[in-house]
Amino acid sequence: NNPVPDQTFDPSIPAANAHIFSVGGEYELDSWRLAIAYAYQRYESRDKDNAVGLAAGGAANGRYQTASHMLALDLLYRF
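Structural notes, computed from the coordinates. (Residues numbered from 1 in each chain as written. Predicted model: local features only at pLDDT ≥ 70, side-chain atom pairs only at ≥ 80, totals over all residues. Heavy atoms only, no water.)

Check the secondary structure of the chain and you find zero helices and five strands. When its helices and strands are written in sequence order, the chain yields β-β-β-β-β. For 79 residues, the compact-globule formula gives about 12 Å, and the C-alpha radius of gyration of the chain, at 20 Å, lies well above that figure. With the C-alpha coordinates of the chain rotated into their principal frame, the extents come out at 60 × 20 × 20 Å. The contacts of the chain with a sequence gap of at least 6 include a subset with a gap of at least 24, amounting to 57%. Approximately 6100 Å² of the chain is accessible, and the part contributed by carbon and sulfur atoms is 56%. The centroid of the 6 positive side-chain charges in the chain is displaced by 3 Å from the centroid of its 9 negative side-chain charges. (Helix = DSSP H or I, 4+ residues; strand = E, 2+ residues; numbered from the N terminus. Rg over C-alpha atoms; globule rule 2.2 N^0.38 Å. Contact = heavy atoms within 4.5 Å. Areas by Shrake-Rupley, 256 points an atom, 1.4 Å probe, with all protein chains shown as cover. Lys, Arg positive; Asp, Glu negative; His and termini not counted. Charge placed at Lys NZ, Arg CZ, Asp CG, Glu CD.)

This part covers the pattern of salt bridges. Think of it this way: side chains of opposite charge can pair up when their charged atoms draw near. Under the counting rule described, the total for this entry stands at three salt bridges. In this structure, the salt-bridge partner of Glu 28 is Arg 78, at a minimum N-O distance of 3.0 Å. Taken together, the residues Glu 28 in strand S1 (residues 18–29) and Arg 78 in the segment after strand S5 (67–77) connect sequence positions 50 residues apart. Look at Glu 28 and you get partly exposed, because its relative accessible area is 43%. With a relative accessible area of 40%, Arg 78 lands in the partly exposed category. (Salt bridge = Lys/Arg side-chain N within 4 Å of Asp/Glu carboxyl O. Buried < 20%, exposed > 50% of the residue type's maximum accessible area, 1.4 Å probe, protein only.)

Following this line, the structure appears as C-alpha cells:
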C-alpha cells in the first residue's frame, strides 16, 4: 500500500498501490552465463483533487495511471 494521503498526492511522484509481475531466466554455456529478467509494474489508478501545485500555476487535478517496464541483462564470464 502507498503511504501518501489524498490531501498531499502529487502526480509528479508515482504514489499508488502497485502490482509487479516479473519473469526471468538464465542460460549457461562453458564459462559463460547469460541471465535476463523482465518486470512490469502497474500502479492502480489514482484521482487527484487537491491544491498541491496551485502555487506553481496549476493544481493538475484529474485521474492518473502509471506503469513501468524494467529489463535486466547480466553477462558473466568465469576464468
